[in-house]
Amino acid sequence: MRSKFFWKNFLSFVVIICFTTFVVSYLLIIQSQNFIESTATDSLREKLVIFEPYFEDGVSWRDPEQIRKIVEVAREAKVRISVLDQDESLLLESDANEIMSYENQRPRPELSEAKVKEVGLAKRVSPISKLETLYSAKKIETPRGTLLLRLGVPMQKLEERLKEIFTALAIGAAFGMVLSVLIALILVRRITDPVREMTKVAEAISHGNYAARIRRLPANELGTLGEAINRLAEAVQANISRREKMEKIRRDFSSNVSHELKTPLTSIKGYADTLLEGAIDDKENNVRFLRIINSNVERMVSLVNESLNLATIEANEGIVELTPVDWKPIIQEAVNRHQIRMNEKGIVFKHPDAAENMLVRGDRKAMFHILDNLLQNALSYTPANGEVELKVISDNKFCELSVSDTGIGIAKHDQSRIFQRFYRVDAARTRNEGGTGLGLAIVKHLVIQIQGSITVASEINRGSTFTVRLPSV
């Protein structure tokens, strides 16, 4: 109720209702008045026709008994009757009070008009009764000469009927105005309440409350506007949440990279200082120290490269164009890349029959990177003389590629976290193998990027199986 917007709309409705009611009431009053006067005039005309036969012979009406009968009929008809001759001299008057003032009733336009027209009409105030009276007159030709028959009815009776009509109109108008104002109140509230709620939500959003929503949405254009505001709030909230999430990821990423770089940098500095302090001349250890330094440098290079790869993948997430890709050449290329290492460790490698259908919907570069990382992990965590097997199972809907090993395995409580950045099941052992902790994180992002899924099944000391599922073509 304190809303200016509400009062502006409500008062506008009230002004329109009042103005419309006044105009309609005024027109109804005018029409009612005209209708009653017209009805009274028509009634007098009809009554002139009724009284006319009494005076047509010009003689019989003069009989006292006939005059009494005519006066009684006039009183029953609730009219005043007057009969005058051609010179407008009064011959008969039903109202005795009017006889005395007859000579003062000048002019008499209804009589003048009756002489030249079929019926004469006039409305004026009687000098005796002081009441406005409606007159109707008619000229009658008789064997004894011309007579002027005049009927009159006081306007007071008509005005009483008009007052009754006016009272009914006033009551109806007042009731209609009250009802209209109540309806206007409901309509204005139906308009202003959603607007007020939308304003409140918009202000909340502008102050950072992106969870604010419009709960009551009317089924009209305001409801459409409210839905648009809700969608906008959801989009802003999602963007803010995504931005906050990305900021957290960047902070964690920077912290993790710094932590990961600290160990090899410390090692490099320690061995470099040792060499500078004289160990460079120690023929038994100098080469070993340099190899350690070189190994740590390679680890740092790998960490930086994979960090850049992960950042690139995240930046391009959702914008990769997917096309039909065959797994067969990718498998062959990835196996060739790791063949030397397999031979060095005596790994037995099993791979699928090349005749199998391996066509999927994906991205060749991403798929190669996924398989390359999975094979590298399998070789890293599988002891010498172990086994690595690659399988492909496909149908009309999906194609599943799995990489299995007989390695160290992953504990149940670690399996849900192995795709996180820098997460290691065995940190010391992973560093010894040269892992950066980013390989599986990269694999996870790439699989999501090409609209696939990846799962892991593993048992400690019995190996692991990673399965990538992509839509078949």
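Residues numbered from 1 in each chain as written. Predicted model: local features only at pLDDT ≥ 70, side-chain atom pairs only at ≥ 80, totals over all residues. Heavy atoms only, no water.

A look at the overall build of the chain
Assigned secondary structure in the chain consists of 12 helices and 12 strands. Taken over 473 residues, the chain has a buried fraction of 38%. In the chain, of all internal contacts separated by at least 6 residues, the share reaching a separation of at least 24 is 65%. (Helix = DSSP H or I, 4+ residues; strand = E, 2+ residues; numbered from the N terminus. Buried < 20%, exposed > 50% of the residue type's maximum accessible area, 1.4 Å probe, protein only. Contact = heavy atoms within 4.5 Å.)

Description of the packing of aromatic side chains
Applying the stated rule across the entire model yields 4 aromatic pairs. Pairing Phe 22 with Tyr 26 gives two aromatic rings, centres 6.4 Å apart and planes at 20 degrees, and the pair type is stacked. Linking Phe 22 with Tyr 26, this pair stays in helix H1 (residues 4–51), spanning 4 residues, or about one helical turn. The class for Tyr 26 is partly exposed, based on a relative accessible area of 47%. Ring centres of Phe 419 and Phe 466 lie 6.3 Å apart, and the angle between their planes is 90 degrees; this geometry places the pair in the edge-to-face category. Taken together, the residues span a long stretch of sequence, with Phe 419 in the loop between helix H10 (412–415) and helix H11 (427–432) and Phe 466 in strand E12 (residues 463–471) at a distance of 47 residues. (Phe/Tyr/Trp six-rings, centres within 6.5 Å; stacked < 30°, edge-to-face > 60°.)

A closer look at the environment of Phe 466
Take Phe 466: its relative accessible area is 7%, and that puts it in the buried class. Between the C-alpha atoms of Phe 466 and Ser 404, which are 62 residues apart in sequence, the distance is 6.5 Å. Look past the residues within four positions of Phe 466 in its chain and what remains in contact with it is Leu 374, Leu 401, Ser 402, Val 403, Ile 410, Ile 418, Phe 419, Leu 440, Ile 454, Thr 455 and Val 456.

Re helix H12 (residues 439–449)
Residues separated by three or four positions in an α-helix point in the same direction, a consequence of the helix having 3.6 residues per turn. Across the 11 residues that make up H12, a large majority, 9, are buried. For H12, the full list of buried residues reads Gly 439, Leu 440, Ala 441, Ile 442, Val 443, His 445, Leu 446, Val 447 and Gln 449. Positive backbone phi, approximately 60 degrees, marks Gln 451, located one or two places after H12.

Describing the nonpolar core
Grouped together as the largest cluster of nonpolar side chains are 44 residues, with contacts concentrated most on Trp 327, Ile 331, Leu 371, Leu 374, Leu 390, Val 403 and Phe 466. Ranked by the residues each element gives to this core, the list is headed by helix H9 (residues 364–380), at 9 residues. Leave out the neighbours within four places in its chain, and Leu 374 touches Val 403, Leu 440, Val 443, Ile 454, Phe 466 and Val 468. Counting 23 residues, the second-largest nonpolar core is a separate cluster that includes Leu 44, Val 79, Val 119 and Leu 149. (Core = buried A, V, L, I, M, F, W, Y, C linked by side-chain atoms within 4.5 Å.)

Some remarks on the sheet that holds strand E5 (residues 145–154)
With antiparallel pairing, 5 strands are arranged side by side in an open sheet as E2-E1-E5-E4-E3. Both outer strands of the open sheet, strand E2 (90–93) and strand E3 (120–125), are each paired with one neighbouring strand and no more. Across this sheet, the average inter-strand angle for adjacent strands is 25 degrees, counted without regard to direction. (Pairing = 2+ DSSP bridges. Axes fitted to C-alpha atoms, helices over the stretch in contact; angles between N-to-C directions.)

With respect to helix H4 (residues 109–116)
The set of residues buried in H4 consists of Glu 110, Leu 111 and Ala 114. In an axial view of H4, the angular spread of the buried residues amounts to 100 degrees, which keeps them on one side of the axis. For H4, the secondary structure elements touched by its buried residues are strand E1 (80–85), E3, strand E4 (132–142) and E5. (Arc of directions from axis to C-beta.)

A few points about unusual backbone geometry
Glycine aside, negative phi is the norm for most residues, and most peptide bonds take the trans geometry. Positive phi, close to 70 degrees, is recorded for Glu 88, a residue that is not glycine. In this fold, Glu 88 is placed in the loop between E1 and E2. Classification of Glu 88 by relative accessible area gives buried; the value is 9%. Notably, Asn 461 is not glycine yet its phi reads approximately 65 degrees, a positive angle. Owing to a relative accessible area of 62%, Asn 461 belongs among the exposed residues under this scheme.

So, the side chain of His 445
Here His 445 lies in helix H12. Judged by its relative accessible area of 17%, His 445 is buried. Engagement of the side chain of His 445 in a polar contact is seen with the backbone oxygen of Ala 441, the distance being 3.0 Å. (Polar contact = N/O pair within 3.5 Å; in protein donor to acceptor, adjacent residues only side chain to side chain.)

So, the sheet that holds E12
The 5 strands lie next to each other as E7-E9-E10-E12-E11, forming an open sheet whose pairing is mixed. Of all strands in the sheet, those bounded by a partner on one side alone are strand E7 (348–350) and strand E11 (453–459). Strand-to-strand twist of the sheet, defined as the mean angle between neighbouring strand axes without regard to direction, takes the value 10 degrees. Judged from the 7 bridges that link them, E11 and E12 form a sheet pairing that is antiparallel. Considered in E12, the bridge of Thr 455 is made with Thr 467. Along the sheet, helix H8 (residues 327–345) contacts E7, strand E9 (387–394), strand E10 (398–405) and E12; its crossing angle with E10, the most-contacted strand, is approximately 10 degrees. Contacts between H12 and the sheet are confined to E11 and E12, with E11 contributing the most and set at about 140 degrees to the helix.

What about the pattern of salt bridges?
All told, the structure shown has 18 salt bridges when counted by the stated rule. Note that Glu 88 and Arg 108 form a salt bridge whose closest N and O atoms lie 3.3 Å from each other. Of this pair, Glu 88 sits in the loop between E1 and E2 while Arg 108 sits in the loop between helix H3 (96–100) and H4, placing them 20 residues apart in sequence. Owing to a relative accessible area of 2%, Arg 108 belongs among the buried residues under this scheme. A cluster of three or more residues bridged by salt bridges with shared partners is formed by Glu 65, Arg 68 and Glu 72. (Salt bridge = Lys/Arg side-chain N within 4 Å of Asp/Glu carboxyl O.)

Focus: the pairing of E9
Bridge count between E7 and E9: 3 bridges; the pairing is parallel. Each residue of the ladder has a partner; that of Phe 349, found in E9, is Val 388. Where E9 meets E10, 7 bridges bridge the pair, whose relative direction is antiparallel. Following the sheet pairing, Lys 391 is matched in E10 by Ser 402. What sits between the antiparallel neighbours E9 and E10 is a turn of 3 residues.

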